[in-house]
Amino acid sequence: MRHHDCLIDGLEQPAADGRTIEMLSPSDGRTIATVARGGAAEVDAAVRAARQALETGPYGRLAAVERGRILSRMAAVVTARHAELAELEAEDCGKPMAQAKTDITCLARYLEFYGGAADKVHGLQIPFLGDWLVTGLREPHGVTAHIIPWNYPAQIFGRSVGAALAMGNACVLKPAEDAGLTCLEVARLALECGLPPGALNVVTGYGEEAGAALSKHDDIDFISFTGSPEIGTAIQTAAAQRTIGCTLELGGKSAQLVFADADLEKALPVIVNAIIQNGGQTCSAGSRVLIEASVFEQVATRLAERFSALRVGTHAMDLDLGPLINRQQEERVRRFVGRAADLPLLAEGRLAPDLPAGGHYAVPRLYGPVPAGHALAQEEVFGPVLVAMPFQDEAEAVRLANGTAFGLVAGLWTRDGGRQMRVARRLRAGQVYVNGYGAGGGIELPFGGVKRSGHGREKGFEALYEFSQLKTIAFNHG
Ligand code: NAI
Ligand code: MG
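For every chain, the first residue of its written sequence is number 1, and the numbers climb from 1 along that sequence. Following the order in which they are written, the chains are lettered starting with A and the ligands numbered starting with 1. Local features in this predicted model are restricted to residues of pLDDT 70 or higher, and side-chain atom pairs are both shown and tallied only at a pLDDT of 80 or more, whereas totals for entire chains, interfaces and linings draw on every residue. To obtain the side-chain values, all non-hydrogen atoms of the structure were used and water was disregarded.

**Some thoughts on unusual backbone geometry**
Keep in mind that most residues, glycine aside, have a negative phi and that most peptide bonds are trans. For the bond running from Gly368 to Pro369, omega is -5°, close enough to zero to count as cis. In DSSP terms, a helix is any run of H or I states spanning at least four residues, a strand is any run of E spanning at least two, and both are numbered starting from the N terminus. Within the fold, Pro369 resides in the loop between β18 (365-367) and α12 (375-378). The phi dihedral of Asn278 is positive, around 55°, even though this residue is not glycine. Here Asn278 shows up in the loop between α9 (264-276) and β14 (286-292). Exposure categories follow from relative accessible area, calculated using a 1.4 Å probe and restricted to protein chains: below 20% of the type maximum is buried, above 50% is exposed, and the middle band is partly exposed. Look at Asn278 and you get buried, because its relative accessible area is 8%.

Okay, here's the thing in structure tokens:
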């Protein structure tokens, strides 16, 4: 059986008390690996290693171009080991193989993007009075904490750690207790690619142990968090106590608006994919479809046909959906389905025959019409449940789309150019897609939420600003 210790200062280190966590396969409940159950002691050692790497180690003296080359080499190694890493990600997260392959491709793209960007982040030169030369330096925060979830470990590693290292931060990563084996693998290969020890440390462990210890550690300078709104609030509270910054990416209840003039041939497969991808366990899942009333019947019927054809199986079967991550997630989805008993069920998919008893399976479901105030129209299920709602006109479409606590992503489908611009500007979301959704990972596209979906932007060039701060230096040469 595979076992992974923490990775601290370039060395594999077991938990001080020797405890481990079993990593279970979502497909059948088997233990596929064990990892160290790190806690406060390991977090402390990891933060110290990161600080030393910055202050006295070779890492702190690396030129931006050198950091970029290391990230580029990591991208090349991830690409060379694509098949093996995709296999690991699929087994660890229960993702269908096709999804896991896409995720590893995205990981390589993040590393390629941030590798290329590392030496292209310019500071400022500011005109100021007569006898001053003023410059703005973009400096790393210092030690950055990265607490990431189980739904897209490889991709979130790429976007978060990739951008932080590009800017010269030293990272301490806490993967989720439910999945994160690829993060450990990629952190190890970073060393082979020349990343100096201490620049990237990984502490595996439970959220309430290693995660809480990391977010409350006295010597971290910034926190990047993706996960639940509840823990996001705890993270921001911990950051506030030390007056450090954080980015929070906390999921959503993202809407796709379908107007009567939409190109349905193009829209329907995208709308279905936006909710079934990763079994609906996606922060940016398109979990509401708002349909202009005059075409509601037609669109709902055609979506229902597609839902009925969906199949759920193990990650290795590589069907439309894999299992949910764990028992809690299975129960969460079951609770929401229970609360939907009063709603018209338009269609549901099917489980493959003879699925392993230890797996956590849920069929995709389409409900509609769903009242705007219903729990299924307001709360994040984080499972394969799509709610359809009719709207009368553009104003009502925007009102419904904006009518939840969240604001991560939105999509709209219409051929009317004026409406595309009007509606896109009125939607309260961090990203809006017009006649599309999700855009294949969107490595280059700034991503993050408004309202309860969080704040701060990851991905693209914008993330490099999040992982740095501007220092103004004014020289008087009078
Ligand atoms: P979570 O928010 O508890 O876990 C996310 C990460 O935070 C994990 O690495 C976890 O170990 C860590 N963590 C947990 N408690 C912590 C604490 N007290 N201090 C510091 N770190 C802590 O999410 P969980 O429990 O895995 O899933 C619960 C729900 O959260 C899901 O059903 C879903 O609705 C939402 N979620 C949203 C995600 C997104 O992509 N926005 C990802 C994962 C979950
Ligand atoms: Mg939790």
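Next, the rest of the story.
**Some thoughts on the site of ligand 1**
In the neighbourhood of ligand 1, 26 residues make up the surrounding shell, with Ile148, Trp150, Lys174, Glu177 and Ser228 lying closest. Here a polar contact is taken to be a pair of N or O atoms separated by no more than 3.5 Å, where protein atoms must pair a possible hydrogen donor with a possible acceptor and residues adjacent in sequence count only if both atoms sit in side chains. Interatomic distance of 2.7 Å between a side-chain N/O atom of Lys174 and an oxygen atom of ligand 1. The Shrake-Rupley method, run with a 1.4 Å probe, gives the accessible areas here. Residue values count only the displayed protein chains as cover. Protein contact buries 86% of the 810 Å² of open area that ligand 1 shows by itself. Taken together, the elements giving at least two residues each to the shell around ligand 1 come down to α7 (207-215), β11 (222-226), α8 (229-241) and α11 (327-339). By residue number, the principal contributor to the shell around ligand 1 is α7, which donates three residues. Ten residue types, Ala, Val, Leu, Ile, Met, Phe, Trp, Tyr, Cys and Pro, are classed as nonpolar, four, Asp, Glu, Lys and Arg, as charged, and the remainder, Gly among them, as polar. Classifying every residue of the shell around ligand 1 by side-chain character gives 13 nonpolar, eight polar and five charged. Mapped onto the domain boundaries, the shell around ligand 1 takes at least three residues apiece from domain 1 (2-250 + 455-474) and domain 2 (255-442). What makes a residue near a molecule or strand is one non-hydrogen atom of that residue sitting within 4 Å of it. As annotated, the domain borders come from an automatic or database domain assignment.

**Points about the nonpolar core**
Counting residues in each nonpolar core, the largest one holds 88 residues, and the members touching the most others are Met74, Val78, Tyr114, Phe157 and Leu200. With eleven residues, the top contributor of residues to this core is helix α4 (residues 97-117). Here Met74 is in contact with Leu111, Phe157, Val186, Leu189, Ala190 and Cys193, once residues within four sequence places are set aside. Grouped together as the second largest cluster of nonpolar side chains are 30 residues, Leu310, Leu366, Leu386 and Trp413 included. Each nonpolar core is a collection of buried residues, namely Ala, Val, Leu, Ile, Met, Phe, Trp, Tyr and Cys, held together in the definition by side-chain atoms within 4.5 Å. In this analysis, two residues are considered to be in contact whenever any of their non-hydrogen atoms come within 4.5 Å of each other.

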